[in-house]
Structure formats: C-alpha cells, structure tokens
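Structure at a glance
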Amino acid sequence: MDNIPNLWLKALPALKSDGSKYNRGHCVVLGGPVASTGAARLSARAALRIGAGLVSVACDPSSLIVYATALQAVMTKPVKDEAAFAELMADRRITAVLLGPAAGITARTKAFVLTALRAGKACVLDADALTVFQDQPTELFDVIRSPVLLTPHEGEFSRLFGKVTDREGDALRAAQQSGAVVLLKGADTVIAAPDGRILINRAAPPTLATAGSGDVLAGFAGGLMAQGMDVFDAACAAAWIHAEAARVFGPGLISEDLSEAVPQVLRHLGR
Ligand SMILES: NC(=O)C1=CN([C@@H]2O[C@H](COP(=O)(O)OP(=O)(O)OC[C@H]3O[C@@H](n4cnc5c(N)ncnc54)[C@H](OP(=O)(O)O)[C@@H]3O)[C@@H](O)[C@H]2O)[C@@H](O)CC1
Ligand SMILES: Nc1ncnc2c1ncn2[C@@H]1O[C@H](COP(=O)(O)OP(=O)(O)O)[C@@H](O)[C@H]1O
C-alpha cells in the first residue's frame, strides 16, 4: 500500500494551547567527532523543526566547542564516556534518542547504542549505529524491546540482513528478525513493522539523492517519536514529509533546505 497522509495524519502531534516545551518531548542526537559534526547537526535541526520541544546533541568534550558554536536552539550535552551517557539516558524527560549519523564505526558508538536501548528509550538507529553491528547483528537485535526504528540505505541494510533482492519482502523479514520498524531507503522507501504492516513511500523527488538527506530523515523520525508518535506512524510521516519538503523546495536542493521547507509542509497538513 502507498504511504499517504490519511494513514497517519490523526497521529501527527498537535500543539496544546497550554502546553510547554516539555510536553513536546526531548530528542537527544549523538554527535560525531570534531571533524564530522555536520550529520548530527542536520539531524538535530530536523528533529527541532518537526516539533520536538527540546533537542540536544550529546558529544564528546573534545568536539563540544564545534557544536556549541554552530548550534543555537539545539542544546549540547558533553558526555565523556559510557557512564556519562548512561546517566543522561536515565533522565526520563528524554523521550527519544537518535544515534548513527557520522557517529563513527567505533566501540564507543556501539556501547552508546546498547546503553540507549537498555535504558528503554525510543531510538532511531541510522548509518554508523547500524554498521557497528555488522559482525554480530544479533548483539543489536537481542536488546531491542523499546520502540526502535532502523533507517538503512541498501548498503547498511546488507551489512545486517544480507543483500537486498526483494525490497518489500526483505524489509518485512528484517523487521521481524530485529523486532524494530525498518525503513529501507531508496527512490521508493519501504517501511515495515514486525507485526506485518508495510507501506511504500513512492515518487520521492530524485533531488533527495544528496549528501545528508538521510540524516535529515532520521531527525524527522526522531523528532516525531520524541513527541510520543508511534514508531511506525512516525517513520511513515517522516518519509512523506521528507519527500514533500524536497518537492516544495524544488531544484537546487541541498540537505540543509529540507528542514527549512517543513513549516510549509506542516501548514498544508493543517498543523
Ligand atoms: N554531512 C555529513 O557529515 C554527512 C555524513 N555522512 C556520514 O558518512 C558516513 C558514511 O556514510 P555513507 O552512507 O556515505 O557510507 P557507507 O556507510 O560506507 O555506505 C556506502 C556504501 O554502501 C553501498 N550502498 C548500497 N546502496 C546504497 C545506497 N542506496 N546509498 C548509499 N550507499 C549504498 C555502496 O557500496 P557500493 O554499492 O558502491 O559497493 C556505498 O559505497 C556515515 O557516518 C554517514 O552518517 C553521510 O550521512 C553524508 C553526510
Ligand atoms: N533517486 C532518489 N529518489 C528519491 N529519493 C532518493 C533517491 N536517492 C536517495 N533518496 C533518498 O535520499 C535519502 C538518502 O539517505 P542516505 O543514503 O542515508 O544519505 P546520507 O547518508 O547522505 O544522508 C533517503 O531518504 C533516500 O530514500
């Protein structure tokens, strides 16, 4: 079935007139090292634009100066090691965590993913947060109990689940195997849930084939999940809004433009 707004529009977070930023959720994005901060910044801005009340980049103290200088509404949380990240994850006001964009294929990234999952957080795992489990994917699947969204492109998908031969069947099998919602990116994006739900986001503009657009998509999903949206609905809404933002912006799109087109897309959706 095609991914159309009527399928998730009622679940899209709506503002309460007497609400505060704390009612809109807090999304934490894991930041990469000092030379690779752009991807997490794109994700964090996307999470904020889609409506999360607070967004923080959790980063190593060695890269703090870059994030702190570059970010404005997005906050920073220095975390020097796994224990500090576990302490951050114990904050019940943090309602979603996004890990992976340019995080690094390192033991630290793997440990932080496992820590967020063991804390029971709603998580979006993208890019390096998937690749770090390529030698033993069951190490990841075994700790998935909370609402989790995996957002691989075909290269990342093949590292965890094997080569893609049938995009819909493979995404569904991956969701059932991992216990997570799987969003398999591509010109047509497949979103599959462990319970058998599956939608295809068709006809996204090819202008999305640009560096960092997947980081923005992960940020949209994380921002929606932080607001309490069901993980499958959040994945479908994020994929649709991502494509629509590209359509609205038109030619010459770079990843930075996607978040800036979100207000227009939300207005058209009646938000
Ligand atoms: N601004 C920033 O800071 C940005 C930082 N970024 C960060 O860079 C890091 C590396 O991420 P990455 O995705 O570029 O590389 P990687 O994980 O090696 O996989 C690529 C290999 O997989 C394969 N492949 C198959 N199908 C594919 C497909 N549909 N789309 C893409 N690849 C596909 C293909 O193999 P081939 O088919 O060529 O043999 C290809 O060689 C990661 O941390 C990411 O977050 C980026 O987000 C960009 C913006
Ligand atoms: N030809 C295309 N047409 C439509 N959408 C595309 C096309 N190529 C890629 N995309 C979309 O662009 C995004 C690319 O994400 P990803 O591969 O993770 O890139 P990055 O790592 O640079 O962020 C995905 O949402 C994917 O579905």
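Residues numbered from 1 in each chain as written. Chains lettered and ligands numbered in written order. Predicted model: local features only at pLDDT ≥ 70, side-chain atom pairs only at ≥ 80, totals over all residues.

Quick look at the packing of helix 9 (residues 213-226) against helix 10 (residues 231-249) now. The packing of two helices is summarised by the inter-axis angle and the distance between the axes. Where helix 9 contacts helix 10, the two axes come as close as 8 Å, and the packing angle between them is 140 degrees. Looking at the two axes, helix 9 sits oblique to helix 10. Helix 9 and helix 10 meet at a crossing whose hand is right-handed. Side by side, helix 9 and helix 10 meet where V216, L217, F220, A221, L224 and M225 of the first sit next to V231, A234, A235, A237, A238, A239, I241 and H242 of the second. Split into classes, the residues belonging to the contact of helix 9 with helix 10 amount to 13 nonpolar, one polar and no charged. (Axes fitted to C-alpha atoms, helices over the stretch in contact; angles between N-to-C directions. Helix = DSSP H or I, 4+ residues; strand = E, 2+ residues; numbered from the N terminus. Parallel < 35°, antiparallel > 145°, perpendicular 65-115°, else oblique. Left-handed = near helix turned anticlockwise from the far one by under 90°. Contact = placed C-beta atoms within 7 Å. Nonpolar A, V, L, I, M, F, W, Y, C, P; charged D, E, K, R; others polar.)

Turning our eyes to something else, we now look at the pairing of strand 9 (residues 198-201). Covered by surrounding structure in strand 9 are L199 and N201 only, the residues I198 and I200 on the alternate face being uncovered. The loop that links strand 8 (residues 189-192) with its antiparallel partner strand 9 comprises five residues; one of these, G196, has a positive phi angle of about 100 degrees. (Buried ≥ 20, exposed ≤ 12 C-beta atoms within 10 Å, placed from the backbone. Pairing = 2+ DSSP bridges.)

Take the UniProt feature "domain: YjeF C-terminal" (unreviewed entry) in the protein next. UniProt's feature table lists "domain: YjeF C-terminal" (unreviewed entry) at residues 4-269, given in the numbering used throughout. Measuring from the first to the last C-alpha atom of residues 4-269 gives 11 Å, for a span that is 43% helix and 14% strand. (UniProt positions renumbered as here; feature names shortened; annotations may be inferred.)

Note that V55 resides in strand 2 (residues 54-59). Residue classification places V55 among the buried residues on the basis of 28 C-beta atoms within 10 Å. Each residue touching V55, except ones within four places of it in the same chain, is listed here: C27, V29, A44, A47, L48 and V74.

Once that is clear, we can look at the site of ligand 1. As a matter of local geometry, ligand 1 sits amid 17 residues, with G38, A39, A127, E154 and G155 nearest to it. Secondary structure elements with two or more residues in the shell around ligand 1: helix 1 (38-49), helix 5 (128-131), helix 7 (154-161) and helix 9. With three residues, the single largest contributor to the shell around ligand 1 is helix 7. (Near = placed C-beta within 6 Å.)

Spatial ordering of the open sheet is given by 3-2-1-4-5-6-7-8-9, a layout of nine strands whose pairing is mixed. The sheet is open, and its two edges are formed by strand 3 (75-78) and strand 9, each paired on a single side. Taken over all neighbouring pairs, the strand axes of this sheet differ in orientation by 20 degrees on average, direction set aside. As defined by bridge partners, strand 2 adjoins strand 3 across four bridges and the pair is classed as parallel. Within strand 3, the position partnered with S56 by the bridge is M75. Across the sheet, helix 1 lies against strand 1 (26-30), strand 2 and strand 4 (96-99), angled at about 170 degrees from strand 1, the strand it touches most.

In this section: the environment of A84. Structurally, the position occupied by A84 is in helix 3 (residues 82-89). A84 gets classed as partly exposed once you count the C-beta atoms within 10 Å, which come to 15. Each C-alpha atom of the pair A84 and A243 lies 36 Å from the other, and the pair is 159 residues apart in sequence.

Soluble globular proteins tend to pack their nonpolar side chains together in the buried interior. Among the nonpolar cores identified, the biggest contains 98 residues, and A47, L99, V181, A221 and A235 are the most heavily contacted of them. Beyond its immediate chain neighbours, meaning those up to four positions away, L99 contacts L30, F112, V113, A116, C123, L125 and A129. (Core = buried A, V, L, I, M, F, W, Y, C linked by C-beta atoms within 7 Å.)

Quick look at the UniProt feature "binding site: AMP" (unreviewed entry) in the protein now. The UniProt record annotates "binding site: AMP" (unreviewed entry) at K185, G186, A187, D188, T189 and G214. The largest pairwise C-alpha distance within this set of annotated residues, which runs over 30 residues, is 13.4 Å, so the set is compact in three dimensions. Mapped onto the fold, T189 is located in strand 8. Leaving out residues up to four positions away in the same chain, T189 has contacts with L183, L184, N201, A204 and A239. In this structure, G214 sits in helix 9. Owing to 25 C-beta atoms within 10 Å, G214 belongs among the buried residues under this scheme.

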